[in-house]
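In case you want the letters, here they are:
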Amino acid sequence: MYEKAPGTCRMESQLYLEPHLFSQLTCARCYKYMPSLAFKNASRLTYCQGGWLCRGECGTECFQPYGNASDARILETFKKKFYAERWESCCLAARQCCREMLEDELAEPAAAEDGLHCPATWDGWTCYKNTPAATTVHKPCPAHAYFITEQPQCIKMSKKTCWENGTWFYSQEYGKEYTFYDCGSLEYHRSMTIFSIVLHSLSVVVLVPAIIIFSVYKQLQVHRIALHKNFCVAMVLYDISVILVDSVFILDHVNEEKNIRVNENPNLCKVLYTLSRYFRLCQYAWMFCEGFYLHRLITSAFAEQKSLLVFYVIGWGEKAFIISYRRCPVCCLKAFAPLACITPAACALLDRQQ
């Protein structure tokens, strides 16, 4: 029903439902809103009227979702436990939203409110309370809205607008009240990945001519330029490795219409990702080498640098040891890489301050 009745909860389709019906319908819609990449091939259930999830056509083999461990037949359709947990979290958040609506109804009856308000509602991902007209509400994206990655430290926001007439913004395209999200949109992740590829490509275009110039002209065949050339080479290799990771795996991962290559070629993914981390460390190492070399020129002007072997060891060799230290480089990098990146970067900056 579309009219508010005591003891009911509201969802984005503007329906007011009793808590048990609300729980079932919103949980089924949480499943409906999951991206295709979350499911095994041809295993996704069909969303049907009344909050049922059916295998194939509606009315054949259907399941009533609860959003917990009892949904074994539903949970087995997900490709990974990560996606199943996202769905369960969404169902739990919807039930919590309904409880909050009922509590607010008892604490602050609608009749006591002054002026026009948009009603408290569950928008499919997030809970919104009664909101004064002509107001835009910003809320952090919930954890279950992130399908590609874990919830980032810099949390993205959602935006929902309450019009002057006391109604929520309604999308004619989707045929329902609509909330703008920056977090769970696959299009957003796709555009950011393309943006990354473009920037790294521009970096390669600029750096390659510089490396050629450093290599061709004999007047530039000195130690200082040799160090700078290695720094540029490290940046180019890092750019290329990132471009390969983004174009081969990340773009495919955010495209719902394609198979996920990371599952088909896990070893290649690990190699490319490890190389990107390695070359990233090398950038900081060569920055440190340049700073240290210039520092030595100033403090020991008459001491001749006969060999750059020690700089090559620091710039290339040491980082290879760091990356290969663990048996599973991709796993260990999550905990180890920040320290490994910060240390040479900090040394490089401190050295340049001398």
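Going by an unreviewed UniProt entry, the protein carries the name Putative calcitonin receptor and comes from Rhipicephalus pulchellus. Here is the UniProt Subcellular location (unreviewed entry) comment for the protein, exactly as written: "Cell membrane". What UniProt records for the protein under Sequence similarities (unreviewed entry) is the sentence "Belongs to the G-protein coupled receptor 2 family."

Let us now look at the sheet that holds strand S5 (residues 61–63). The strand order S3-S4-S5 describes an open sheet built from three strands, whose pairing is antiparallel. Each of the sheet's edge strands pairs with one partner strand only, and the pair in question is strand S3 (46–48) and S5. In this sheet, neighbouring strand axes are inclined to one another by 35° on average, regardless of whether the strands run parallel or antiparallel.

Here the focus is the confidence of the model for the protein. Per-chain confidence: the protein averages 81 in pLDDT, with 80% of residues scoring 70 or above. Ignoring residues within four places in sequence, the model shows residues 326–342, a span with pLDDT below 50, making 18 contacts including any to other chains. Scored below 50 in pLDDT, residues 348–354 makes 11 contacts in the model with residues more than four places away or belonging to other chains.

Below, the discussion takes up the UniProt feature "transmembrane region" (unreviewed entry) in the protein. Those places that UniProt annotates as "transmembrane region" (unreviewed entry) correspond, in this numbering, to residues 194–217 and 229–251. Within the segment residues 194–217, helix and strand shares are 96% and 0% respectively, and the terminal C-alpha atoms sit 36 Å apart. Between the end C-alpha atoms of residues 229–251 the distance is 31 Å, and the span holds 100% helix and 0% strand.

All chains considered together, the criterion is met by seven disulfides. Paired by a disulfide, cysteine 9 and cysteine 98 hold their sulfur atoms 1.9 Å apart. The chirality of the disulfide connecting cysteine 9 with cysteine 98 is right-handed, given an S-S dihedral of about 70°. With cysteine 9 in strand S1 (residues 9–10) and cysteine 98 in helix H3 (residues 81–107), this pair connects stretches of sequence that are 89 residues apart. The pair formed by cysteine 9 and cysteine 98 is uniform in burial state, with each residue classed as buried. Two residues, cysteine 27 and cysteine 91, share a disulfide whose sulfurs are 2.0 Å apart. One disulfide, between cysteine 27 and cysteine 91, carries an S-S torsion of 80° and so falls in the right-handed class. Remark: cysteine 91 occurs in helix H3 and cysteine 27 occurs in helix H1 (residues 19–32); sequence separation between them is 64 residues. Among the residues examined, cysteine 91 registers a relative accessible area of 1% and is labelled buried.

Taken in spatial order, the three strands line up as S10-S11-S14 in an open sheet, and their pairing is antiparallel. With partners counted over all chains shown, the strands left at the sheet margins are strand S10 (135–140) and strand S14 (180–181), one partner each.

Counting 39 residues, the largest nonpolar core has Phe22, Tyr31, Met34, Phe78, Trp87 and Trp122 as its most contacted members. For this core, the secondary-structure elements that each account for two or more residues are H1 and H3. Broken down by element, this core gets its largest block of residues, 10 residues, from H3. Ignoring anything within four residues of it in the chain, the contact list for phenylalanine 78 reads Tyr31, Met34, Ala38, Phe39, Lys40, Tyr83, Ala84 and Trp87. In terms of nonpolar packing, the next biggest core, distinct from the first, is built from 22 residues, Leu207, Met235, Val242 and Trp316 among them.

Right, let's get into the packing of aromatic side chains. What the rule picks out here adds up to 17 aromatic pairs. Consider the rings of phenylalanine 82 and tyrosine 83, whose centres lie 5.3 Å apart with planes at 75°: the pair is edge-to-face. A residue is classified by how much of its surface remains accessible, and phenylalanine 82, at 17% relative accessible area, is buried. We classify tyrosine 83 as buried; its relative accessible area is 1%. Judged by centre distance (5.5 Å) and plane angle (35°), the rings of phenylalanine 169 and phenylalanine 180 are tilted. Here phenylalanine 169 is found in the loop between strand S11 (157–162) and strand S12 (170–171), whereas its partner phenylalanine 180 is found in strand S14, with 11 residues between them in sequence. Judged by relative accessible area, phenylalanine 169 falls into the partly exposed class, the value being 21%.

In total, this model carries one cavity of 30 Å³ or more according to the counting rule given. In this structure, the largest cavity spans a volume of roughly 30 Å³. What lines the largest cavity is simply Cys30, Tyr33, Met34, Cys90, Trp125, His144 and Phe147. Taken together, the residues of the lining of the largest cavity break down into six nonpolar, one polar and no charged.

Reading guide: rules and limits
- Residues numbered from 1 in each chain as written.
- Predicted model: local features only at pLDDT ≥ 70, side-chain atom pairs only at ≥ 80, totals over all residues.
- Heavy atoms only, no water.
- UniProt positions renumbered as here; feature names shortened; annotations may be inferred.
- Pairing = 2+ DSSP bridges.
- Helix = DSSP H or I, 4+ residues; strand = E, 2+ residues; numbered from the N terminus.
- Axes fitted to C-alpha atoms, helices over the stretch in contact; angles between N-to-C directions.
- pLDDT = per-residue confidence, 0-100.
- Contact = heavy atoms within 4.5 Å.
- Disulfide = S-S within 2.5 Å.
- Buried < 20%, exposed > 50% of the residue type's maximum accessible area, 1.4 Å probe, protein only.
- Core = buried A, V, L, I, M, F, W, Y, C linked by side-chain atoms within 4.5 Å.
- Phe/Tyr/Trp six-rings, centres within 6.5 Å; stacked < 30°, edge-to-face > 60°.
- 1 Å grid on protein atoms, 1.4 Å probe; cavity = no way out; pocket = protein on both sides within 12 Å on 5 of 7 lines; lining within 4 Å.
- Points joined across faces, edges and corners; volume = space filled by probe spheres on them.
- Nonpolar A, V, L, I, M, F, W, Y, C, P; charged D, E, K, R; others polar.

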